[in-house]
Amino acid sequence: VDSSALESLQADSAGDRRKDAFEQLRVDKRNARLEDEKVPLMDPGKALPERTAKDKAKEAVKGKKDDDEKDVEDKNEEKKPDAKNPPEQPGVPENHPDFDDDIDDVELVADSDIERERRAKYYRGPVKHGVAEADVESGTSMPSEGQALFTVKTQAMAVPPTKYKKPDDADDAPLGGLQMEFIYGLRMHDTRDGAQYTGHGHVIFAAGATGVVYSPLQHTQKFFNGHTDDILCIGLHPDMVTAATGQCGRKALLCVWDTLTMQTLAVIRGFHDHGICSVAFSGSGELLCSVGLDIDHSIAVWRWEKGEKVASATGHTQRIFSVAFNPVDDSVITIGVGHVKFWKISGRLLRGKAGNFTQGSKAQAFCSLTVSKKGRVFVGSEQGEIYRWKNGEVDSLVHAHDGPVFSLWVCRDGLCSGGKDGKVCVWSLALKPLVDFDMRTQSVGLERAKIRSVCWLVRTILVGTIDDELFEIDIEAGTPTVLLQGHRFGKVNAVNCHPSKRIFATGGADFTVRLWDMDSRKLLVMRTLEAAVCSVGISLDGEQIAVGLETGKLVILRLRTLRPLMERKDRKKALHELKYSANGKFLATGGDEGFIDIYDVMSEYEWIGTCTGHKGPVTAIDWSSDSKQLQSDDREGSHLFWDVESTKEILVAAEVRDVEWASWTCIMGWPAQGIAPKFQGPLGINSACRSSFGDALATTDDWGVVKLFRFPCITPGARCKRYGGHSARVGKVRFSFEEKTVLTTGLVDGLIVQWRYLSTGKMSELEAEVSDDEDEMELEKRGVVVQGEKQDSDVENELETNFGRGTSKVKVDKTGMVQVTSERMVTGNEVVVNTGLPQEQMLNVKAGVMEESEMEKGG
């Protein structure tokens, strides 16, 4: 029944109007049936024909059937399980040892951050712009069948310059290349213990689809690129060198790798659906436990070096947040919403038993978990309590924080905890308070230092906050030091480089504008504005920054201090692009309303005209070298040209065929025809940027890939070099003024990635690795013993999602072939052996540099 008709039906209280509405609905249904049978439609205004006795009998039978179906549906609604009426477990009596007596979990989590973790969703792939955020998250944002994905005006793309002659190598991959140099930001907002010390004093953490090993002393990073989507959890081997990381995705990957050599040791896939939220090694390091994000929250124990699944089980009816081994007996502990469970390996199965709450309450979420070498189990709760367990029962309880305890870390010196209240507390193993640090006065994030990760190493504590910041606290001095900062998780919408200095500005959905230094790789200054930042531009003299906000406001800031100079609000919707002219006299802005406004910079940004003609949001603007013409893209697939003086559209593309453009950031146009695959418009391509010297074009897309083409790139499907690192949709891309650096921003992972650009493309330079050598005296000052007693403790966990993929351990023989040293890539219980590749190709694959043609040959 049509919903609009039903609404009018419910609104009518008079019996006659109700009867007429039912008759009208019956006519509409009958007409629809007749139309399917190719029978001429009845006029709804005419009276219905008399029904025969046979028709009345059929309707009576159908009405009874509909009533019966409605009764069944009502009964099913009544039988839906909830927290107060837990579902029955058929075949398992209450006195059976396998009966799950903690199935009456809390229906909702009280804390907003924990609830957000439980309900988080992810969407990957090309996004149809202009849809609601809810549609994007649920994955329903793509056009329906038969609807056009993208429309392109071909006349703007078909006219080459007058004197252009296509070189023989025009369709080849560019000579230059990219190497990942530094990542600004890390994943902390939905992980626990997401940053940990390795045995060599380095720090390991996740950033997008990249595992990062960071040296606090040298302020440098190394990268593991074996994952294909967001890394959600990290676990360190007892040797403090080997790491395991789990990602989100369908048939998600579980990778084991070396934090010194960055080589893959093993890859397991095919068991967990949707993602892996927590991993932990056993006390001996032989076993590895993983927890999935599937509907059963499955748990699996692996003998990872052989790629064998030892045991598995259905985890719990509610979300599991963390898992750990007890090193004393290799039992497994899991914690989550409304439960703490202790598991024993029994043959090929895991047998679980709910913890006995002799103190405290289990009607809450348990957020953090850690286990000492002697088997002491510590659990942090949503209500700010720390529970100590012994033999499956609560042994001791202390109220530690105001709000959830998101992270715990135990070592031989005691216990460290971090909570939503922004405090880092140090305890004895008997849960006696020793010292605490208030991080709320140190963080520059929006939510004021909610602690999501702590790691205690001798005299220093590593602290990660929900705003994706990393600090290091000297316990004796009591002073924290900022190690890494980034935009708070969310979209980083904008990036722009200074015209003459190695600094750049970024803006994001966290309402902040930030200024960074490419050489020191540190944040210089930050300003919080009233709304999300959609675009930034730096003036030609390098003294001012123009910022476009989601509200349509244009804000001008002084570059050195980011102090506001002036504001204008000529639009009501977001300004997605703004660009200063080549002579520095004008500023052009464009956004959701489809207009391009031009301002006079010399007259305090006085409005001088509007270019009207786009049918969708403006996404890219470029000025000609003489500042007399503009070109622009929109999301509807139009690429238009404009005369600045008259603000009129140039309708004939041939008129601007020989115009020299000061920049090229459009994804359409004659020189950019080849960036899209054959027979396809630029669907999923988000941004482009020509190099400063004009010989290369970098692009970003919805699949987390950065590509490098030759410029101009005029043949669809042209060869390119591809680079991974971002987890999904990559936003803007920009070259630095001297063409040494490329910057990209993440629309999903919230990262800024700094790439080293070599125009010569010498692969020997691109393959150079950051030195692992550290000053041993400096390490001793930090209390780090490089070759001494191994530190202990397992923890991990996190969120909800859907994705997947893999790799395996390799070595290079004397013939230059890369061979598998052991059967380590696992799909469920099936072992998959990689075929050999030439050494050069394998190195290119590791660096993400293999060309598409080579990928087809290599498999």
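Cut-offs used in this document
- Residues numbered from 1 in each chain as written.
- Predicted model: local features only at pLDDT ≥ 70, side-chain atom pairs only at ≥ 80, totals over all residues.
- Heavy atoms only, no water.
- Helix = DSSP H or I, 4+ residues; strand = E, 2+ residues; numbered from the N terminus.
- Pairing = 2+ DSSP bridges.
- Axes fitted to C-alpha atoms, helices over the stretch in contact; angles between N-to-C directions.
- Polar contact = N/O pair within 3.5 Å; in protein donor to acceptor, adjacent residues only side chain to side chain.
- Contact = heavy atoms within 4.5 Å.
- Patch = residues over 30% accessible without salt bridge, like charges linked within 9 Å, V, L, I, M, F, W, Y side chains within 5 Å.
- Areas by Shrake-Rupley, 256 points an atom, 1.4 Å probe, with all protein chains shown as cover.
- Salt bridge = Lys/Arg side-chain N within 4 Å of Asp/Glu carboxyl O.
- Lys, Arg positive; Asp, Glu negative; His and termini not counted.
- Charge placed at Lys NZ, Arg CZ, Asp CG, Glu CD.
- Buried < 20%, exposed > 50% of the residue type's maximum accessible area, 1.4 Å probe, protein only.

Caption draft 1: Structural view of unusual backbone geometry. A cis geometry characterises the amide bond from F711 onward to P712, with omega recorded as 0°. Considering the arrangement of structural elements, one finds P712 in the loop between β48 (706–710) and β49 (721–723). Despite not being glycine, K251 has its phi angle at roughly 55°, a positive value. Summarising the element assignment, K251 is placed in the loop between β7 (242–247) and β8 (254–258). The backbone phi angle of H297 is positive, close to 50°, even though this residue is not glycine. Position of H297 among the secondary structure elements: in the loop between β11 (287–292) and β12 (299–303).

Caption draft 2: Geometry of the sheet that holds strand β4 (residues 210–215). Strand order in this open sheet of 4 strands is β2-β3-β4-β5, and the pairing throughout is antiparallel. Where the open sheet ends on each side, the last strands, each with one partner, are β2 (195–197) and β5 (220–224). With direction set aside, neighbouring strand axes in the sheet form an average angle of 25°. Relative to strand β3 (residues 203–207), β2 is paired through 3 bridges, and the arrangement is antiparallel.

Caption draft 3: Inspection of the side chain of R514 at higher detail. Take R514: it is sitting in strand β32 (residues 512–517). At 3.3 Å, the side chain of R514 forms a polar contact with the side chain of D510. A polar contact is formed between the side chain of R514 and the side chain of T512, at a distance of 3.1 Å. Apart from the residues within four sequence positions on either side, R514 is in contact with G486, H487, R488, F504, A505, T506, L523, V525 and M526.

Caption draft 4: Quick peek at a positive patch on the surface. Positive charge collects at one region of the surface, where K501, R558, R560 and R563 lie side by side. Mapped onto the secondary structure, R560 falls in the loop between β36 (553–558) and β37 (564–569).

Caption draft 5: Region of the structure containing the environment of D633. Take D633: it is sitting in strand β43 (residues 629–634). Given the relative accessible area of 1%, D633 is considered buried. The spacing of D633 and P617 is 16 residues in sequence and 8.5 Å in space, taken between C-alpha atoms. Those residues within four positions of D633 in sequence are excluded, and the remaining contacts are H614, P617, V618, T619, A620, S638, H639, C666, I667 and M668. For D633, the side chain forms a polar contact with the main-chain nitrogen of I667, separated by 2.7 Å. Looking at D633, its side chain comes within polar contact range of the main-chain nitrogen of M668, at 3.3 Å.

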